[in-house]
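Read off the chains here:
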Amino acid sequence: MELLSFQLDTFDIAIFIVLLIISLIAIYWFQRKPTLSKPDDIQQTIRNFRIDNGGVKGAGASHEGSFVDRMIHSNKKMVVFYGSQTGTAEDFAQRIAKQAKRYGISAAVCDPEECDMEELQRLIAIDKHLALFCLATYGEGDPTDNAQEFYEWLRENGRDLTGLHYAVFGLGNKTYEHYNAVGKLVDKRITELGGVRVCDLGLGDDDGNIEDDFMAWATIFWQNVCHKYELVINTDGTSMRQYKLVPGPFPVDSVFTGEIGRLKSYERQKPPYDARNPYLAPVTNTRELFQNDCLRSCLHLELDISATNIKYEAGYHVGVFPSNDAALVNRVGELLDVNLDEIISLLNVDEDAQKKYPFPCPCSYRTALTYYLDLTKDAQKKYPFPCPCSYRTALTYYLDLTSMPNTQILKEIAQYATDENDKTLLTLMGSYSEEGKIQYKEWILDSCRSIVAILEDLPSLKPPLDHLCELLPRLHPRYYSISSSPKVHPTSIHITAVIVHFETPTKRVAKGVATNCFKELYMKHQAIGCAQHKEGDTCHLPGRLPIFIRKSTFRLPFRFQTPIIMIGPGTGLAPFRGFIQERHFFKNQVKPQGKPVGETILYYGCRNRAEDYLYEEELNYFVKENVLELHIAFSRDQEEKIYVTHLLKDHGAKLWKLIKEDNASVYVCGDAKNMARDVHSILIDIAQTYGNMTSERAAAFIKDLIQKERYSQDVWS
């Protein structure tokens, strides 16, 4: 009887646990579902979000959201896909689509992440069709985040793209080993699958003049297209607006104030957080890392993520959405004599973006929200940026005011110059003549002229601000290697950044967009002092930063015992700070006796010990804890400059033993153009010298390390 009673009790407990789990799931589900009790809120939601481009999720729907069907419906012949990490490839895609209008071609611009790329085969059914791919190569020969699925899909067996007319323009950087690897593979692969190449592969080099590369390729591309489809080249230079100005008034609750995606998303933050829905992170600590005598500045920032479910790993990147300097924004308003607080909207004149129904109608609000609307992506089809908003908001949060305008922008705004000399200059630089290229390089690139500088130096140039807003590129997030470990700082993300601040050849002060935001936060923090954290207050410092996490292959080995060799001068130290923290955590803080950790060796360099030695006390602490072996090169503390590359050469024998015999992993972070390239050459020399290899075998050995992910780079140019 006692046994039976025990079994019944156990059964009752099991039933109770099951019912409890079901109840919790039900509560979670209804909390996550959109509230449908307020029709006004629902209507606003439907206005703010677009149909899921991947296809309708409801049963019985076919090709609803298909990019091919949309092209057929709107009589488009050409589609331009972009794989973009920083926005350049997307900008080129938009420009090609705009140029297509001059040749009588209607083109669609698509994000491959939002399209069913299986549809490519159906594109062949469109007479005189054309698919163009503007694809950037990111990291170590990888596709950008939004092109990853398409890249993997294309490489699979069984694909058939016979008869697909296509062209590819790749964006890369020659300082990287895998220069334009993605563009090259896609171009080659589509040909293998039966595609018909309309124009030879174009390769843009960001280390040189990628604008020049793009314009040169675009000229050849359009010549080929005109020849193939018997089109007449239109040399008319008149403007062709893509958006039309829609003046207010607008309901107050429909106006964007800087949100990247969902309206009011910064007031009502909801996970998951990503590039389309960033988290507004409180900045809980800032401090200067350089010494007072140093003329430069490097800041350490700590971002609080305790109120979120955001997870990261050492070596990941944090994306930060910056805002333009208020003084710069005000200057635009002064130069163009515009009320920046006027609320406006820019509406796409493309009929495809103005479909009668955004999804199958009629239907219930619940059906729309459940099956047809993509609640994670901002509405970028109808608008160039979140609209409606004020000019001030657009110039502050959405548009890039500091980069140097491309030739297409100069060509478009030339018509608004009333002085003939000003108009002639802009028209020349907007052309693709040899003289125009030289003038563009000298007057724009070499002089670091932003759009604000151009407006100042050409006083007769007064473009309508709405047209300028249409032309300027979007302000994209800036990425930083996270300089902390989640094992030590699970609720905080650390950033280490040198403040960009320099004088241009025209005697103007240029500031980095994001680092200027960091500097302003630091100055405000200094002004209020170290305020005590109040109970319930998640941000006791003025200002927050919209952030999200980007994963990286730059990560520690799976085995703690594996030795690591870290090479990172300057702020290249950032991810290694996280690596070292993590190794110290496992060695000394994991109970009961810690874990055995392999050799952790850092080659770090800076100019002077007394000026720009980053995290000196912290690094010395890890050395004393027997976690870190530290080698430092102070390049300017003696007459003859010494860099980390000199130290690597001196330690060649030891490094070879670690790599060859102990299976050490090598990490390089910092400048791609010089340092990373020199380190790569030195590693080949070490393999050749101490491994008794030929130069060819040594190069192959280092390449094998890369393929096995034992040699990783996190570099920038």
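Residues numbered from 1 in each chain as written. Predicted model: local features only at pLDDT ≥ 70, side-chain atom pairs only at ≥ 80, totals over all residues. Heavy atoms only, no water.

The name an unreviewed UniProt entry assigns to the chain is NADPH--cytochrome P450 reductase, from the organism Rotaria magnacalcarata.

A. Looking closely at the overall build of the chain. The secondary structure content of the chain amounts to 22 helices and 23 strands. When each of the 717 residues of the chain is scored for burial, the buried share is 51%. Just so you have it, the chain exposes about 34400 Å², and 52% of that area is on carbon and sulfur atoms. (Helix = DSSP H or I, 4+ residues; strand = E, 2+ residues; numbered from the N terminus. Buried < 20%, exposed > 50% of the residue type's maximum accessible area, 1.4 Å probe, protein only. Areas by Shrake-Rupley, 256 points an atom, 1.4 Å probe, with all protein chains shown as cover.)

B. Examining helix H13 (residues 434-445) more closely. Taking 1.5 Å per residue as the helical rise, H13 with its 12 residues ought to reach 16 Å, and the 15 Å between its terminal C-alpha atoms agrees with that figure. Here the buried face of H13 lies against helix H7 (210-229), helix H11 (407-413), helix H12 (420-430) and helix H14 (451-457). (Expected span 1.5 Å × (residues − 1). Contact = heavy atoms within 4.5 Å.)

C. Expanded view of the UniProt feature "binding site: NADP(+)" (unreviewed entry) in the chain. Mapped onto this numbering, the UniProt entry annotates "binding site: NADP(+)" (unreviewed entry) at Arg-296, Thr-571, Ser-635, Arg-636, Lys-641, Ile-642, Tyr-643, Val-644, Thr-645 and Asp-678. Here Ser-635 shows up in the loop between strand E21 (629-634) and helix H19 (644-650). Classification of Ser-635 as buried rests on a relative accessible area of 6%. When residues no more than four places from it in sequence are discounted, the contact partners of Ser-635 are Cys-606, Arg-607, Glu-640, Lys-641, Ile-642 and Tyr-643. Residue placement: Arg-636 occurs in the loop between E21 and H19. Ignoring any residue separated from it by four or fewer positions in sequence, one finds Arg-636 in contact with Arg-607, Asn-608 and Lys-641. (UniProt positions renumbered as here; feature names shortened; annotations may be inferred.)

D. Structural context of the sheet that holds strand E12 (residues 343-348). One open sheet holds the three strands; their spatial order is E8-E12-E13, and the pairing between them is antiparallel. Here the strands that pair on one side only, and so sit at the sheet edges, are strand E8 (243-247) and strand E13 (389-390). Relative to E12, E8 runs antiparallel, the two sharing five bridges. Residue pairing in the sheet places Val-246 in a bridge with Ser-345 of E12. (Pairing = 2+ DSSP bridges.)

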